[in-house]
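So you can see what is in the structure, the chains are spelled out below.
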Amino acid sequence: MILNCTGLHKHFGALRAVDDVTLTVAAGARHALIGPNGAGKSTLFKLITGLLRPDAGRVELAGRDVTRETEVRRCRLGMSQTLQHASLFPSMTAAENIALAVQRHTGGRIRPVPRRQPHVHDRAAQLLARVGLADRGRVQVAALSHGERKQLELALALACDPRLLLLDEPAAGMSTAERTHLAALITDLPASVTVLFVEHDLDLVFELADTVTALHLGKILTTGTPQHIRASDAVRRAYLGTADREELFR
Amino acid sequence: MGDWLDANLVGVVNGFAIGFLLFIVAVGLSLVFGMMDVLNLAHGALFLTGAYVGAAVVGGDASWGGFLGALGLAAGLGLAGGVLLSALTEPLRRRSHLDQALLTLGVTLVVAELLVIAYGDDPLSVGAPPGLDGSVPVLGAAYPVYRLALIGVGALLAVAVFVLVERTDMGALIRATVADRDMVAAIGVDNRLVRVRVFAAGSMLAATAGVLGGPIYGARPGLDATILILALVVVVVGGLGSVRGALVGALLIGQVDSLGRSLLPDAAPFVLFGSLALVLVLRPQGLFGGRGVARA
Amino acid sequence: MDGQPAGDAEERSAATDAERRSMAREAEPRPRGQETAQRPVGPEAEGRPVGREAQPRSVARTARHGPLLPAGLAAAVVAGLAAAPLFLAPFATTTLTRILVFALLAVSLDLLVGVSGLPSLGHAAYFGAGAYAAGWISIHTTSAVPLPLLAGAATGALAAAATGWVAVRAHGVYFLMLTLALGELLHQLAQTWDSVTGGANGMAAIPSAELGGEPLRLAGYVYWYVLAAALLGFLTLWLVARSPYGAALRGIRDNEPRMRALGYPTRIYKYAAFVLAGAVAGAAGGLLAAQERLVTPADLGFTTAALALLAVVIGGAGSLWGAALGAALVILVRDVIGPDLDGHGTLLLGVVFIAVVYLLPRGAAGLVRRRGR
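Criteria and thresholds
Residues numbered from 1 in each chain as written. Chains lettered and ligands numbered in written order. Predicted model: local features only at pLDDT ≥ 70, side-chain atom pairs only at ≥ 80, totals over all residues. Helix = DSSP H or I, 4+ residues; strand = E, 2+ residues; numbered from the N terminus. Buried ≥ 20, exposed ≤ 12 C-beta atoms within 10 Å, placed from the backbone. Contact = placed C-beta atoms within 7 Å. Nonpolar A, V, L, I, M, F, W, Y, C, P; charged D, E, K, R; others polar. Pairing = 2+ DSSP bridges. Domains from an automatic or database assignment. Axes fitted to C-alpha atoms, helices over the stretch in contact; angles between N-to-C directions. Parallel < 35°, antiparallel > 145°, perpendicular 65-115°, else oblique. Left-handed = near helix turned anticlockwise from the far one by under 90°. pLDDT = per-residue confidence, 0-100. UniProt positions renumbered as here; feature names shortened; annotations may be inferred.

Describing the overall build of chain A
When its secondary structure is counted, chain A shows ten helices and ten strands. In terms of overall dimensions, chain A has a C-alpha envelope of 60 × 40 × 35 Å along the principal axes. The burial tally for chain A puts 50% of its 250 residues in the buried class. In chain A, the share of contacts with a sequence separation of at least 24, taken over all contacts with a separation of at least 6, comes to 64%.

As for the interface of chain C and chain B
Between chain C and chain B, the contact holds 32 residues from the first and 32 residues from the second. The set of elements that each furnish at least two residues to the side of chain C that touches chain B consists of α7 (173-192), α13 (302-315) and α15 (345-359) of chain C. Top contributing element to the side of chain C that touches chain B by residue count: α7 of chain C, with twelve residues. Classifying every residue of the side of chain C that touches chain B by side-chain character gives 22 nonpolar, eight polar and two charged.

What about unusual backbone geometry?
Backbone torsion omega between V145 of chain C and P146 of chain C reads 5°, so that peptide bond is classified as cis. Of note, A62 of chain A is a non-glycine position whose phi angle comes to about 50°, a positive value. For A62 of chain A, the position within the fold is in the loop between β4 (56-61) and β5 (64-65). Despite not being glycine, L320 of chain C shows a phi value in the positive range, around 65°. If you trace the backbone, L320 of chain C turns up in the loop between α13 and α14 (321-337). Exposure remark for L320 of chain C: the 28 C-beta atoms within 10 Å place this residue in the buried category.

With respect to the pairing of strand β3 (residues 30-34) of chain A
Residues and elements named next belong to chain A. Here β3 lies mainly inside the structure; five of its five residues are buried. Neither face of β3 is exposed, since R30, A32 and I34 on one face and H31 and L33 on the opposite face are all buried. In the sheet, β3 pairs with strand β8 (residues 194-198) via four bridges, with the strands oriented parallel. Residue pairing for β8: R30 is matched across the bridge by V195. Pairing of β3 with strand β9 (residues 211-216) involves four bridges; the strand directions are parallel. What sits directly across from L33, in β9, is T213.

A look at the domain arrangement of chain A
Residues and elements named next belong to chain A. Entries for chain A in the domain assignment read domain 1 (1-78 + 162-250) and domain 2 (88-161). The distance between the C-alpha centroids of domain 1 and domain 2 comes to 26 Å. Opposite the ten residues of domain 1 that make contact, domain 2 presents ten residues. Sorting elements by how many residues they give to the side of domain 1 that touches domain 2 places helix α6 (residues 176-188) first, with three residues.

Re the packing of helix α10 (residues 223-238) of chain B against helix α12 (residues 268-282) of chain B
Axes are the key here: two packed helices are described by the angle between their axes and the distance separating the axes. Residues and elements named next belong to chain B. Their axes nearest at 9 Å, the elements α10 and α12 cross at an angle of 25°. Comparing the axis directions of α10 and α12 gives the class roughly parallel. α10 and α12 meet at a crossing whose hand is left-handed. Note on element contacts: α12 touches α10 through L272, L276 and V279, opposite V233, V236 and V237. By residue class, the composition of the contact of α10 with α12 is six nonpolar, no polar and no charged.

Here's the deal with the sheet that holds β3 of chain A
All names here are of chain A. Taking strand neighbours across the sheet as the criterion, the six strands line up as β6-β7-β8-β3-β9-β10 in an open arrangement whose pairing is mixed. On the outer flanks of this sheet lie β6 (79-82) and β10 (219-224), each paired with one strand and no other. For this sheet, the mean angle separating the axes of adjacent strands, direction not counted, is 15°. Contacts between helix α1 (residues 41-49) and the sheet are confined to β3, β6, β7 (164-168), β8 and β9, with β7 contributing the most and set at about 150° to the helix. Taken strand by strand, helix α5 (residues 146-158) contacts β6 and β7, and its axis lies near 175° from that of β6.

A closer look at the sheet that holds β5 of chain A
Residues and elements named next belong to chain A. Spatial ordering of the open sheet is given by β2-β1-β4-β5, a layout of four strands whose pairing is antiparallel. In this open sheet, the two edge strands, each paired with only one partner strand, are β2 (15-25) and β5. In this structure, strand β1 (residues 3-12) lies alongside β2, joined through eight bridges in antiparallel fashion. Bridged to H9 within β2 is D19.

What to know about the pairing of strand β2 (residues 141-144) of chain B
Residue and element names in this part refer to chain B. Relative to β2, strand β1 (residues 135-138) runs antiparallel, the two being bridged by four bridges. Paired with S135 across the two strands is P144, which belongs to β2. Connecting the antiparallel pair β1 and β2 is a turn made up of two residues, with L139 showing a positive phi of about 50°.

Focus: the confidence of the model for chain C
Residues and elements named next belong to chain C. Considering every residue of chain C, the mean pLDDT works out to 79; 78% of them sit at 70 or more. Here residues 1-67 is a poorly scored stretch, pLDDT under 50, and it has 114 contacts once near neighbours within four places are set aside; other chains count. Predicted confidence for residues 369-373 stays below pLDDT 50, and this span has one contact to residues more than four positions away or in other chains.

Some remarks on helix α10 (residues 244-254) of chain C
When you tally the buried positions in α10 of chain C, you get eleven out of eleven residues, the bulk of the element. When α10 of chain C is considered as a whole, its buried residues turn out to be P244, Y245, G246, A247, A248, L249, R250, G251, I252, R253 and D254 of chain C. Of the surrounding elements, those touching the buried residues of α10 of chain C are α3 (94-105) of chain A together with α4 (90-115), α9 (219-242), α11 (256-261) and α12 (266-292) of chain C.

Topic: the packing of helix α2 (residues 43-57) of chain B against helix α4 (residues 97-119) of chain B
Residues and elements named next belong to chain B. As a packed pair, α2 and α4 sit with axes 9 Å apart at the nearest point and diverge in direction by 15°. Here α2 is positioned roughly parallel relative to α4, judged by the angle of their axes. Taken as a pair, α2 and α4 cross one another with a handedness that is left-handed. Across the interface between the two elements, G44, A45, L48, T49, Y52 and A55 of α2 pack against V107, T108, V111, A112, L115 and Y119 of α4. Grouping the amino acids of the contact of α2 with α4 by side-chain chemistry returns nine nonpolar, three polar and no charged.

Things to note about the UniProt feature "transmembrane region" (unreviewed entry) in chain C
Residue and element names in this part refer to chain C. The residues that UniProt annotates with the feature "transmembrane region" (unreviewed entry) are residues 68-89, 95-113, 145-166, 173-190, 222-241, 268-290, 302-333 and 345-364. A helix fraction of 100% and a strand fraction of 0% characterise residues 173-190, whose end C-alpha atoms lie 26 Å from each other. Each end of residues 268-290 is marked by a C-alpha atom, and these two atoms are 33 Å apart; helix forms 100% of the span and strand 0%.

So this is what it looks like as structure tokens:
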């Protein structure tokens, strides 16, 4: 188990955003979190990444209790994330953005003197190419398209050499071509990288995921294979009341 | 305890006088920040303007007419200054805090220098009005009557502001804007007029505080910075945008400042800084604030 | 500047990864863009536009934030500064000395404001603390170069270390408030701590700096001493700003939460920048003590802090050299034009302040940058 969440609670006043969630993610899994808006997916993500502290429960990363660890420490332990709205360094170019992540994780110590960092360069270029931005390295973030920013953000997350990669709606706002590229990218990730992602596009979810967890009103409805989720009445009701299963999953 | 109080009663009463004065200054700073997200560094300059108005109009031998006239004039200047500052900062609403701070900092430099040009570098004193210029014995020590009167006036103003903000419709809008600016904007309430009013009223209070504080602080270059810092500490300790916080913070800082000076004269700045640091570490959002100053 | 815990499993694998890559690279022709790492370091190399077009810029370079002046110009400026006392009258030399001292203060502030996104309104406190320390050492112990300077830098760093831990906890406008309060509290301390600082009258009769047992009495010698020390200070800040650590500071300025998510312990980074800037400001204070031979509470007051910030803003925050130019402008207005206005140069500076906010939101460096594109 790469990730083990036990009995997580997070309440905002009367709102139980995450209500007794126990979730395990197997090493190497492609694990999707689905659920209608307000299901608590984003809050759960923040509890996992350390941006929020749970009111109760614990988070274990590869068997290690990280409930009280900061997001800085969790990143050092191999957890890496992209945010729903691309969160980048706007005064810098795409390459500079990635180099910032790379130098933390493969550049050795961060020193206060200028130094040769050819490996940072190479790795940054390699990551840019991997997300399909090979020729966009010198472009300012502000000049990138929305989809390109999402790709850049993914490169930033990959630069951390994650064991567990958390993607919050990675395909939101992407064009069809960008989406195809993203799907291929995630499929091609080595098994040493576990992926946990939130996504609204169920086609993409069923294409990529080997395990799917459905959340509703802060609670887990069910976890299982994509086939299991397709067949689940509970999931269907959560999404569409009592709508036709065919309509939902096309 | 009784002995300690006997020995320090003057310091404690002084602390209340300074505390109420600080409340009058700080409540405007706090509400302007809470409502408009503008850190008005010219707030100290408004106080200084009031102080010089007091020195020029009242001077050393005060009359009631002169004192009240100075209060009126300072109030008028404060109102005008507040409207002007509100107009100056309005175009910077979408810019960074630094830009607003720089602008008001520039205003401070200009105002302070104009006052030096007009009145010179030397400290000027302001007398208390007749009847309030003597001393009364307080447990054996002679205590200036004016400071006792200041406590009374400060308490009255505190009640007035409290009622205005906590009990009226306009106060409700002020509190709503402090709590969630975006929400108030989103539901389509036009609070522009309220913003200008709060800015003007807060500035008026700061300028009148300059006159009221005259018999204690006088008027001198650099007083603006001293008062601004005390007010900022009050606002940070009390919590931003909260009238109650400004009152409690001001009374607290008044005591800390006054007792710090009388008990540990050399270390007074450390005592002030220490209490600020303590509050920030234990309660980053201030005693009554919603939003945090520091993030854990 | 090391936030990485030693002995991390990831780190070990990362290191071997990097080694493998670097070995592989030796066999290959050097990829474009490597001149980055081999560029000479020093002010002469500032903004050399080598290979800018040909390669993705590395974080270590971010030439955009560095000056665009050609190396030759930087060398010429240094040579011109060095030769200046030979041609200038003593008064002009003294003014130039003041400019250098203030420029060092402004550039150290720019490391906070422009590079790290920490707009400090109390930076003059560390400048003044350094000045008092240097003066005190000169009076009571020795004024032999560079001891007062080092004492100033150490005291500036200590004062920044003691107060900065509270400041860097705060964000945005709260940071402004706290640094303002901290600066003013140190200012009050200088005024009340009579036995050490001389109170409101200041610390007077500081002996001249001595070099090899000889006091530096002529304005020209003092100037060269200040120039040498200030250039060292500029160089230090410039190197830091261009280092991987400097890149991390810019990252924090741009997006601190993202930096934390990337594994940077940002508060420690900001704290280190705060202390470093305090040390350099303290060194500038040490130069002030050597030059004016008088330190007053005004040197660490609100107005000094505001003028330093004005210098940074006029020059365009983040460029370092812009802050130095801004400092020159501020001192010229205050000390050269000011006397013509009956000593009310501050009034003019206040107006400049207001104008800059409206007219020049990105400072002089912003203008150059726009043309440079």
